[in-house]
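Structural overview for review
Take a look at the letters that make up each chain.
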Amino acid sequence: MNQTSAVRTDKILDLAGNKVQLVRGGSGEPLLILHDELGPPGWLNFHELLAKDFELYLPSHAGYGKSQRLDWIMNMRDMAGWYLHALDDMNLGPVNVLGLSLGGWLAAEMASMSPQSFKKLAIVSAPGIKPPEGEIFDMFLVVAKEYMSESVLNKDDVTEFKTICPDEPTPEQVEAWEMAREESCRLGWKPYMYYPALPKLLNRVNVPTHIIWGKEDPIVPLSTGRVYKESIPGSNLSIIDNLSLIHI
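A brief structural summary.

What counts and how
- Residues numbered from 1 in each chain as written.
- Predicted model: local features only at pLDDT ≥ 70, side-chain atom pairs only at ≥ 80, totals over all residues.
- Heavy atoms only, no water.
- Helix = DSSP H or I, 4+ residues; strand = E, 2+ residues; numbered from the N terminus.
- Rg over C-alpha atoms; globule rule 2.2 N^0.38 Å.
- Buried < 20%, exposed > 50% of the residue type's maximum accessible area, 1.4 Å probe, protein only.
- Contact = heavy atoms within 4.5 Å.
- Areas by Shrake-Rupley, 256 points an atom, 1.4 Å probe, with all protein chains shown as cover.
- Lys, Arg positive; Asp, Glu negative; His and termini not counted.
- Charge placed at Lys NZ, Arg CZ, Asp CG, Glu CD.
- Salt bridge = Lys/Arg side-chain N within 4 Å of Asp/Glu carboxyl O.
- Core = buried A, V, L, I, M, F, W, Y, C linked by side-chain atoms within 4.5 Å.

**Considering the overall build of the chain**
Secondary structure summary: the chain contains eight helices and nine strands in total. Compactness check: the chain gives a C-alpha radius of gyration of 17 Å against a globular reference of 18 Å for 248 residues, within 12% of the reference. Going through the 248 residues of the chain one by one, you find that 49% of them count as buried. Considering only contacts within the chain whose residues lie at least 6 apart along the sequence, 73% involve residues at least 24 apart. For the chain, the accessible surface area stands at approximately 12,300 Å², while carbon and sulfur atoms represent 52% of it. In the chain, the 22 positive side-chain charges and the 32 negative ones have mean positions that sit 5 Å from each other.

**Considerations on the pattern of salt bridges**
Taken as a whole and judged by the stated rule, the model has 11 salt bridges. The partner of D71 in a salt bridge is R69, with the nearest N and O atoms 3.8 Å apart. Taking the relative accessible area as the measure of exposure, D71 reaches 58% and is therefore exposed. The partly exposed category is assigned to R69, whose relative accessible area is 39%. Ionic pairing is found between E182 and R69, a salt bridge with its closest N-O pair at 3.1 Å. Placement of E182 in helix α6 (residues 171-188) and of R69 in the loop between β4 (54-59) and α2 (76-89) is noted, with a sequence separation of 113 residues between them. The structure contains a network of salt bridges with shared partners spanning R69, D71, E182, E183 and R186.

**Brief notes about unusual backbone geometry**
The step from G93 to P94 runs through a cis peptide bond, and the omega angle for that step is -10°. Tracing the backbone shows P94 in the loop between α2 and β5 (95-100). Between K190 and the following residue, P191, the backbone shows a cis peptide bond with an omega angle of -5°. Looking at the element boundaries, P191 is found in the loop between α6 and α7 (198-201). The phi dihedral of A16 falls on the positive side, at around 50°, and the residue is not glycine. Structurally, the position occupied by A16 is in the loop between β1 (8-15) and β2 (18-26). According to the relative accessible area criterion, A16 is buried, its value standing at 10%.

**Here's the deal with the nonpolar core**
Grouped together as the largest cluster of nonpolar side chains are 64 residues, with contacts concentrated most on M79, W82 and Y228. It is α2 that contributes the most residues to this core, eight residues altogether. Formed by 11 residues, the second largest nonpolar core is a distinct cluster that contains A6, L31, W43 and L56.

Limitation: the analysis is restricted to geometry and does not speak to function.
Quick look at the structure:
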(Lines give C-alpha, C1' and ligand atoms only; values in the text may rest on other atoms or scores of the structure.)
Protein backbone atom coordinates (compact mmCIF):
# COMPACT_ATOMS: atom_id res chain seq x y z
CA MET A 1 0.00 0.00 0.00
CA ASN A 2 1.25 3.46 -0.86
CA GLN A 3 2.21 5.71 2.01
CA THR A 4 -0.37 8.42 2.66
CA SER A 5 -0.40 11.51 4.85
CA ALA A 6 -4.06 12.32 5.58
CA VAL A 7 -5.05 11.60 9.16
CA ARG A 8 -8.03 9.25 9.17
CA THR A 9 -10.14 7.11 11.44
CA ASP A 10 -11.91 3.79 10.92
CA LYS A 11 -14.82 3.23 13.33
CA ILE A 12 -17.98 1.20 13.73
CA LEU A 13 -20.93 3.51 14.38
CA ASP A 14 -24.59 2.97 15.25
CA LEU A 15 -26.45 4.49 12.30
CA ALA A 16 -30.06 4.02 11.18
CA GLY A 17 -30.49 0.92 13.33
CA ASN A 18 -27.33 -0.78 12.14
CA LYS A 19 -23.60 -1.17 12.86
CA VAL A 20 -21.80 0.74 10.10
CA GLN A 21 -18.12 0.96 9.24
CA LEU A 22 -17.11 4.57 8.54
CA VAL A 23 -13.67 5.77 7.48
CA ARG A 24 -13.08 9.53 7.77
CA GLY A 25 -10.06 11.52 6.70
CA GLY A 26 -8.91 14.84 5.34
CA SER A 27 -10.09 18.36 6.07
CA GLY A 28 -12.44 20.85 4.51
CA GLU A 29 -15.98 20.59 3.22
CA PRO A 30 -17.56 17.13 3.74
CA LEU A 31 -17.55 14.75 0.75
CA LEU A 32 -19.44 11.46 0.92
CA ILE A 33 -17.89 8.74 -1.28
CA LEU A 34 -20.02 5.68 -2.06
CA HIS A 35 -18.08 2.56 -3.06
CA ASP A 36 -18.77 0.11 -5.87
CA GLU A 37 -20.26 -3.39 -6.07
CA LEU A 38 -17.13 -5.16 -4.77
CA GLY A 39 -17.02 -3.27 -1.50
CA PRO A 40 -14.69 -0.66 0.00
CA PRO A 41 -11.30 -0.72 -1.76
CA GLY A 42 -9.31 0.88 1.06
CA TRP A 43 -7.66 4.29 1.06
CA LEU A 44 -6.23 4.91 -2.41
CA ASN A 45 -4.35 7.70 -4.16
CA PHE A 46 -7.50 9.45 -5.32
CA HIS A 47 -8.75 9.54 -1.71
CA GLU A 48 -5.49 11.13 -0.67
CA LEU A 49 -5.79 13.79 -3.35
CA LEU A 50 -9.40 14.60 -2.47
CA ALA A 51 -8.54 14.69 1.25
CA LYS A 52 -6.41 17.78 0.62
CA ASP A 53 -9.59 19.79 -0.02
CA PHE A 54 -12.40 17.78 1.59
CA GLU A 55 -13.18 15.82 4.73
CA LEU A 56 -13.96 12.42 3.26
CA TYR A 57 -16.72 10.18 4.61
CA LEU A 58 -16.29 6.60 3.36
CA PRO A 59 -19.07 4.38 4.71
CA SER A 60 -19.35 0.69 3.90
CA HIS A 61 -22.87 -0.02 2.68
CA ALA A 62 -24.99 -2.34 4.84
CA GLY A 63 -23.72 -5.87 4.20
CA TYR A 64 -20.36 -4.72 2.77
CA GLY A 65 -17.00 -4.41 4.49
CA LYS A 66 -17.50 -4.47 8.26
CA SER A 67 -21.04 -3.05 8.15
CA GLN A 68 -23.78 -5.40 9.29
CA ARG A 69 -26.25 -6.78 6.80
CA LEU A 70 -29.91 -5.76 7.00
CA ASP A 71 -32.22 -8.53 5.77
CA TRP A 72 -35.01 -6.13 4.84
CA ILE A 73 -32.85 -4.34 2.27
CA MET A 74 -33.70 -6.25 -0.89
CA ASN A 75 -33.12 -3.69 -3.67
CA MET A 76 -31.40 -0.40 -4.31
CA ARG A 77 -34.44 1.70 -3.39
CA ASP A 78 -34.41 0.03 0.04
CA MET A 79 -30.69 0.75 0.42
CA ALA A 80 -31.20 4.38 -0.62
CA GLY A 81 -33.97 4.87 1.94
CA TRP A 82 -31.82 3.37 4.70
CA TYR A 83 -28.84 5.54 3.70
CA LEU A 84 -30.88 8.73 3.94
CA HIS A 85 -31.72 7.78 7.53
CA ALA A 86 -28.01 7.14 8.19
CA LEU A 87 -27.11 10.58 6.80
CA ASP A 88 -29.66 12.13 9.14
CA ASP A 89 -28.06 10.31 12.08
CA MET A 90 -24.65 11.68 11.05
CA ASN A 91 -26.15 15.14 10.70
CA LEU A 92 -24.52 15.15 7.28
CA GLY A 93 -26.44 17.27 4.87
CA PRO A 94 -26.77 18.84 2.50
CA VAL A 95 -23.55 17.11 1.44
CA ASN A 96 -21.44 16.66 -1.68
CA VAL A 97 -21.47 13.05 -2.88
CA LEU A 98 -19.28 11.03 -5.24
CA GLY A 99 -20.76 7.68 -6.30
CA LEU A 100 -18.61 5.06 -8.01
CA SER A 101 -20.29 2.38 -10.16
CA LEU A 102 -22.95 0.78 -7.91
CA GLY A 103 -22.32 3.68 -5.52
CA GLY A 104 -23.28 6.04 -8.33
CA TRP A 105 -26.56 4.21 -8.81
CA LEU A 106 -27.13 4.46 -5.07
CA ALA A 107 -26.38 8.21 -5.11
CA ALA A 108 -28.83 8.73 -7.96
CA GLU A 109 -31.57 6.83 -6.11
CA MET A 110 -31.01 8.87 -2.94
CA ALA A 111 -30.97 12.17 -4.83
CA SER A 112 -34.24 11.29 -6.58
CA MET A 113 -35.85 10.60 -3.19
CA SER A 114 -34.42 13.53 -1.23
CA PRO A 115 -32.63 16.11 -3.41
CA GLN A 116 -32.48 18.53 -0.48
CA SER A 117 -30.04 16.16 1.25
CA PHE A 118 -27.32 16.90 -1.30
CA LYS A 119 -25.24 19.86 -2.39
CA LYS A 120 -23.44 18.54 -5.47
CA LEU A 121 -23.51 15.12 -7.09
CA ALA A 122 -20.90 13.22 -9.12
CA ILE A 123 -21.84 9.89 -10.73
CA VAL A 124 -19.07 7.73 -12.19
CA SER A 125 -19.84 4.84 -14.57
CA ALA A 126 -22.99 3.81 -12.72
CA PRO A 127 -25.46 1.05 -13.52
CA GLY A 128 -29.08 1.63 -12.47
CA ILE A 129 -30.39 2.43 -15.96
CA LYS A 130 -30.79 -0.13 -18.74
CA PRO A 131 -28.39 0.81 -21.53
CA PRO A 132 -30.15 1.65 -24.81
CA GLU A 133 -27.10 0.25 -26.61
CA GLY A 134 -24.99 -2.64 -25.33
CA GLU A 135 -25.36 -4.58 -22.08
CA ILE A 136 -24.15 -4.28 -18.51
CA PHE A 137 -21.38 -6.83 -17.91
CA ASP A 138 -22.67 -9.78 -15.86
CA MET A 139 -20.36 -9.87 -12.84
CA PHE A 140 -21.77 -13.21 -11.71
CA LEU A 141 -20.51 -15.08 -14.77
CA VAL A 142 -16.91 -14.66 -13.59
CA VAL A 143 -15.04 -14.68 -10.29
CA ALA A 144 -14.41 -11.38 -8.51
CA LYS A 145 -10.76 -11.13 -9.55
CA GLU A 146 -11.64 -11.61 -13.22
CA TYR A 147 -14.43 -9.04 -12.93
CA MET A 148 -11.98 -6.48 -11.57
CA SER A 149 -9.61 -7.22 -14.44
CA GLU A 150 -12.43 -6.77 -16.94
CA SER A 151 -13.42 -3.45 -15.37
CA VAL A 152 -10.08 -1.76 -16.13
CA LEU A 153 -9.43 -0.99 -19.78
CA ASN A 154 -5.63 -0.61 -19.53
CA LYS A 155 -4.45 -2.29 -16.33
CA ASP A 156 -0.78 -1.55 -17.03
CA ASP A 157 -1.55 2.17 -16.86
CA VAL A 158 -3.21 1.92 -13.43
CA THR A 159 -0.49 2.16 -10.79
CA GLU A 160 -2.70 0.84 -7.97
CA PHE A 161 -4.32 -2.04 -9.81
CA LYS A 162 -2.09 -4.59 -8.07
CA THR A 163 -3.06 -3.03 -4.75
CA ILE A 164 -6.80 -3.55 -5.17
CA CYS A 165 -6.45 -6.73 -7.24
CA PRO A 166 -3.24 -8.58 -6.32
CA ASP A 167 -2.08 -11.61 -8.28
CA GLU A 168 -2.52 -13.72 -5.14
CA PRO A 169 -5.33 -12.23 -3.04
CA THR A 170 -5.48 -13.28 0.59
CA PRO A 171 -8.31 -15.56 1.80
CA GLU A 172 -9.68 -12.55 3.70
CA GLN A 173 -9.80 -10.47 0.51
CA VAL A 174 -11.51 -13.24 -1.44
CA GLU A 175 -14.09 -13.62 1.35
CA ALA A 176 -14.76 -9.85 1.37
CA TRP A 177 -15.27 -9.88 -2.42
CA GLU A 178 -17.68 -12.80 -2.19
CA MET A 179 -19.69 -11.15 0.59
CA ALA A 180 -19.91 -8.00 -1.53
CA ARG A 181 -21.01 -9.99 -4.59
CA GLU A 182 -23.75 -11.63 -2.54
CA GLU A 183 -25.09 -8.25 -1.44
CA SER A 184 -24.82 -6.83 -4.94
CA CYS A 185 -26.81 -9.80 -6.19
CA ARG A 186 -29.58 -9.09 -3.67
CA LEU A 187 -29.67 -5.43 -4.67
CA GLY A 188 -29.51 -5.75 -8.43
CA TRP A 189 -30.28 -9.24 -9.64
CA LYS A 190 -33.70 -8.95 -11.29
CA PRO A 191 -33.71 -6.98 -13.49
CA TYR A 192 -29.94 -7.13 -13.60
CA MET A 193 -28.32 -3.95 -12.27
CA TYR A 194 -31.00 -1.44 -13.20
CA TYR A 195 -34.34 -0.08 -11.99
CA PRO A 196 -36.77 0.48 -14.88
CA ALA A 197 -38.42 3.55 -13.31
CA LEU A 198 -35.21 5.39 -12.41
CA PRO A 199 -34.99 7.59 -15.55
CA LYS A 200 -38.52 8.84 -14.83
CA LEU A 201 -37.65 9.68 -11.22
CA LEU A 202 -34.40 11.55 -11.81
CA ASN A 203 -36.16 14.74 -12.88
CA ARG A 204 -36.47 15.53 -9.14
CA VAL A 205 -32.68 15.89 -8.89
CA ASN A 206 -32.19 19.66 -8.77
CA VAL A 207 -28.58 19.87 -7.57
CA PRO A 208 -25.49 20.40 -9.77
CA THR A 209 -24.66 16.97 -11.18
CA HIS A 210 -21.54 15.84 -13.03
CA ILE A 211 -21.63 12.47 -14.79
CA ILE A 212 -18.27 10.87 -15.67
CA TRP A 213 -17.89 7.91 -18.03
CA GLY A 214 -15.24 6.05 -19.96
CA LYS A 215 -15.77 6.11 -23.71
CA GLU A 216 -14.99 2.39 -23.85
CA ASP A 217 -16.34 1.44 -20.43
CA PRO A 218 -16.27 -2.39 -20.41
CA ILE A 219 -18.81 -2.78 -17.57
CA VAL A 220 -21.58 -0.21 -18.10
CA PRO A 221 -21.92 1.13 -21.67
CA LEU A 222 -21.63 4.84 -22.32
CA SER A 223 -25.23 4.83 -23.56
CA THR A 224 -26.32 4.53 -19.90
CA GLY A 225 -24.34 7.67 -19.06
CA ARG A 226 -26.12 9.53 -21.82
CA VAL A 227 -29.50 8.54 -20.35
CA TYR A 228 -28.39 9.79 -16.93
CA LYS A 229 -27.52 13.14 -18.55
CA GLU A 230 -30.86 13.31 -20.35
CA SER A 231 -32.76 12.39 -17.18
CA ILE A 232 -31.11 14.77 -14.65
CA PRO A 233 -31.98 18.39 -15.42
CA GLY A 234 -28.95 20.59 -16.09
CA SER A 235 -26.42 17.78 -15.60
CA ASN A 236 -23.07 17.61 -17.41
CA LEU A 237 -21.45 14.54 -18.95
CA SER A 238 -17.67 14.16 -19.22
CA ILE A 239 -16.40 11.28 -21.36
CA ILE A 240 -12.89 9.97 -20.75
CA ASP A 241 -11.18 8.94 -24.00
CA ASN A 242 -7.73 7.69 -23.01
CA LEU A 243 -6.37 10.73 -21.13
CA SER A 244 -8.62 13.27 -22.83
CA LEU A 245 -11.92 14.63 -21.50
CA ILE A 246 -14.89 15.40 -23.72
CA HIS A 247 -17.51 17.59 -22.03
CA ILE A 248 -21.16 17.39 -23.11
